[in-house]
Amino acid sequence: MLKFSLVEFSVAHPKLIVSLTIIFTLAFMTQFPRMKTDTNPKNMLPATSDVRVWNDEVDKTFALYEDMIVLGIVNDRGVLNRETLARISSITDAILKLKGAAVQDVNGFPTITNVTSESGILTVAPLMPEVPKTDQEVAKLRKMLFGNPLFVDRIISKDGKTTAIYVPLEKGANGKEVADKIREIVRKEKGAEKYYIAGDPVARDTFGAEMFRLMAIFAPIAGMVMLAVRYLMFRDLFLSITLMMDAMISIVWSMGLLIAFGFPIHIMSSMAPVFLMAIATDSIHIFNEFYFRYRERKDKKVAIIETMHAVGRPVRYTALATAAGFAVLLFMNIIPVRVFGGLVAFGTVALRILSFSFVPAMFTFVKEKNIEKAARGEDVSFSKASRFLRGLAGFGAHRPQVTVLVGALLCVVAIIGVTNIVVNNNMVEWFKKQSEIRIADTQINRALGGTSTGYVVAISKEEDFIKNPEAMRYIESLQRHLEKLPIVGKTFSVADYVKRINRVLHDDDAGFDVIPETKEAVGQYLFLFSMSAKASDLNNVVDYPFSQANIWVQLKTWDAQAMEEVIRAVDDYKKAHPFPLELKPAGIAYFNLVWNDEVLWDMVKGFIAALIAVFVILIFNFRSFKWAVVGYVPLLFTILLIYGVVGFSGKRFDMPISVLSCLSLGMAVDFAIHFIGRFKQRLAESSVGTPNSELITESLLWTAARPGKGIMRNAVLFAASFAVMMFAPLTPYITVGAFIVSMMMLSALMVIIYLPALIILLEGWLFRGGST
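Residues numbered from 1 in each chain as written. Predicted model: local features only at pLDDT ≥ 70, side-chain atom pairs only at ≥ 80, totals over all residues. Heavy atoms only, no water.

**Digging into empty space enclosed by the protein**
Stage number 1. Tallied over the entire structure, the rule returns 5 cavities of 30 Å³ or more.
Stage number 2. Estimated volume of the largest cavity: approximately 170 Å³.
Stage number 3. Lining the largest cavity are 15 residues; nearest its centre among them are P41, D200, N425, M427 and N592.
Stage number 4. Counting residues per element, the ones that place at least two in the lining of the largest cavity are α7 (200-234) and α23 (588-622).
Stage number 5. At 4 residues, the largest contribution of residues to the lining of the largest cavity is made by α23. (1 Å grid on protein atoms, 1.4 Å probe; cavity = no way out; pocket = protein on both sides within 12 Å on 5 of 7 lines; lining within 4 Å. Points joined across faces, edges and corners; volume = space filled by probe spheres on them. Helix = DSSP H or I, 4+ residues; strand = E, 2+ residues; numbered from the N terminus.)

See the structure below:
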């Protein structure tokens, strides 16, 4: 029975293989016009998830908006002057005309509800219906602002230098587009004021737009750098382009398949091309060995087939290990995580099919004189790179105890660093400190209550329970308890309205700035307020059966863990003050906490599952538990060192780092499979029976000098091309660039230095009974 060889078929029919590859690629490209993008992190959790269902219910119950933009206005001499107030009025009028803004609920000086009384009659009206024309009118406005606790730290800072306009967005509105329109409005204003635009939708939608823009910029730059480095390595432009095409084709196939299945390009799936470009560099082992083989054989087709026989098994198993590492994400709970895992797994398989078909076919088109020229430097005896790598491996092989001991000590230190890692996410911090969004968020958080909002919903099973003075006082006391937290800048609730009404109806006597004594009085106050106020004023803080109340909690940070502190404080309060009200968190800050836990921890669980899957594959690849353990050590070492640095640096474990975990796993095990596979192959060719120590050492040095050159080329190639990402304006791209550079170089050095030391040290165990 004839055995089919894809490599030999591709070498025999190169034009057919290339033509079929082009046809398949064009077929996948036909899907690209149907591409949809989704940059909203909320959609990483399904609409049926508990947190989204609960938040939607809270939004509906209290007539809340999902997204809010905050425009901060700062004047170092104070905002309470006629010129600044005129500009605030003008800006507010312009914002009220913006498409996408929920104009009926925009809150600022001209629109926010102010509760006063005249001759014992409650008056509810906008705070500043007209711009003050005299200093006396400005003084009156100042008195109203600072005399109302609802306003201080919400729309006016304690020092009077900062105010804010809160712009809720209609469902589906793009935060970046609305923010850009607000920027156009404030740009027209002349004066000493400074303007800052912040809020979750601004950061989220700006990041989404920047992410795709940067992908369009950095992907070609990274590709050109990769092409240039390949050319410097092999001095053959045609083959350098071939290796580039290998990556590009797999990306087109993968993204085309994603679009064909109707999935939008999400934050995670948008990173798939980066990963596939990284994984595609494994083909460099084929190029590396091909030039060695051609120098020895002087026959192109023979060199191609022998190359694929030599590196075929390691290439297949590195692909299998990488694909399995990402495929385990298919079993996670988060749909975009599953999509990302399946996408990269498919792309990895596609890359390996191309490695055994398209790449060998393209080799046949290269002129032999060009191959001869490039192959001259591929001599382990004379190549400077090979001699250098042989020296590195020699250090580990000749000083195994010292090498392993140093590695073990570094691991201990790294473990200490890992214990300091904090799992957290903050989208605002995905922008650089000097970025407009980061500065705006910092300035507003410093001066006012905060740009991040969470809710604490108080729930009773009885109608009208919230009207009870005891319930009102309980809510008020909880607010004071939460305001003791450094991260909480402001809280307000229905209790604040009731206290305000009680005070103004008693001639603004501070002694009546309390909850009234009877349920009837509370009910009457709320009725009077509802008759004159904007519908949202009361709707936002209490439901109409008066069985639920909503406490607004403004936070001074977008850290996901901030809401966890609020929840802990609420739980502590409940334990210390039992009361028949259920207290449940909600809002965007609560969503971010749940998102942080579910998405990031889902990635952590997937990473652990991938570690197990990769170890099983190593056992099958080497057909030995012992060699699987040895091959696994560089992987664990690399991961420990990298995350140890993360812990010591204070860098949080967030989305970019969690995604890079999968890549670090793939690259580290890739190098180990190639090194051990070729070492055992060399040993089997050079000895019969149990090899002696001298032969083992020599085989290790040969492996470092020849296949090791491919490993180092792989590492340098990808590190060089993705170093350009360290110049991006978004910190996730900087993180990706820095991690890939350090990950590649560390993984390669670990394999070249540490594996020889480990093999020499465990020689008796590994080669007992002649087993290799």
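**As for the layout of surface pockets**
Stage number 1. Within this model, the largest pocket holds a volume of roughly 1200 Å³.
Stage number 2. Along the wall of the largest pocket there are 50 residues; nearest its centre are K42, Y65, E66, D67 and M68.
Stage number 3. Those elements that place two or more of their residues in the lining of the largest pocket are α3 (50-61), β2 (68-74), β5 (162-168), α7, β8 (452-459), α21 (535-539), β10 (548-555) and α23.
Stage number 4. Sorting elements by how many residues they give to the lining of the largest pocket places α7 first, with 6 residues.
Stage number 5. Its residues placed into classes, the lining of the largest pocket shows 19 nonpolar, 15 polar and 16 charged.
Stage number 6. Here the second largest pocket defines a volume of roughly 670 Å³.
Stage number 7. Around the second largest pocket, the lining is made up of 24 residues, and of these N114, T116, L127, K140 and M144 lie nearest the centre.
Stage number 8. When contributions to the lining of the second largest pocket are tallied by element, the ones reaching two or more residues are β3 (113-118), β4 (121-126), α5 (135-146) and α19 (494-504).
Stage number 9. Here the lining of the second largest pocket gets 5 residues from one element, more than from any other, and that element is α5.
Stage number 10. Considered class by class, the residues forming the lining of the second largest pocket number 10 nonpolar, 5 polar and 9 charged.
Stage number 11. When we break the lining of the second largest pocket down by domain, the ones giving at least three residues each are domain 2 (68-198) and domain 3 (437-558). (Nonpolar A, V, L, I, M, F, W, Y, C, P; charged D, E, K, R; others polar. Domains from an automatic or database assignment.)

**Observations concerning the sheet that holds β5**
Stage number 1. The sheet built from 3 strands is open, its strands ordered β5-β2-β6 with antiparallel pairing. Both outer strands of the open sheet, β5 and β6 (194-198), are each paired with one neighbouring strand and no more. Taken over all neighbouring pairs, the strand axes of this sheet differ in orientation by 20 degrees on average, direction set aside.
Stage number 2. Across 5 bridges, β2 lies against β6 in antiparallel orientation. Within β6, the position partnered with L71 by the bridge is I197.
Stage number 3. Running at roughly 10 degrees to β5, helix α4 (residues 82-95) makes contact with β2, β5 and β6 of the sheet.
Stage number 4. Strands β2 and β6 of the sheet are contacted by α7, whose axis makes an angle of about 110 degrees with β2. (Pairing = 2+ DSSP bridges. Axes fitted to C-alpha atoms, helices over the stretch in contact; angles between N-to-C directions. Contact = heavy atoms within 4.5 Å.)

**Some thoughts on the pattern of salt bridges**
Stage number 1. All chains considered together, the criterion is met by 24 salt bridges.
Stage number 2. Between K194 and D76 there is a salt bridge, and its shortest N-O distance comes to 3.4 Å. Here D76 lies in the loop between β2 and α4 and K194 lies in strand β6, a separation of 118 residues in the sequence.
Stage number 3. The shortest N-O distance in the salt bridge between D508 and R503 comes to 3.0 Å.
Stage number 4. The exposure class of R503 is buried, given its relative accessible area of 17%.
Stage number 5. Connected through shared salt-bridge partners, E289, R293, E306, R678 and R706 make up one network. (Salt bridge = Lys/Arg side-chain N within 4 Å of Asp/Glu carboxyl O. Buried < 20%, exposed > 50% of the residue type's maximum accessible area, 1.4 Å probe, protein only.)

**Overview of the sheet that holds β8**
Stage number 1. Sheet architecture is open: 4 strands sit in the order β9-β10-β8-β11, paired in antiparallel fashion. Edge positions in the open sheet fall to β9 (488-492) and β11 (582-586), since each of these has one partner strand only. Neighbour-to-neighbour, the strand axes of the sheet open up by a mean angle of 25 degrees, direction not taken into account.
Stage number 2. The sheet contacts of α23 involve β8, β10 and β11, and relative to β8 the element is tilted by about 100 degrees.

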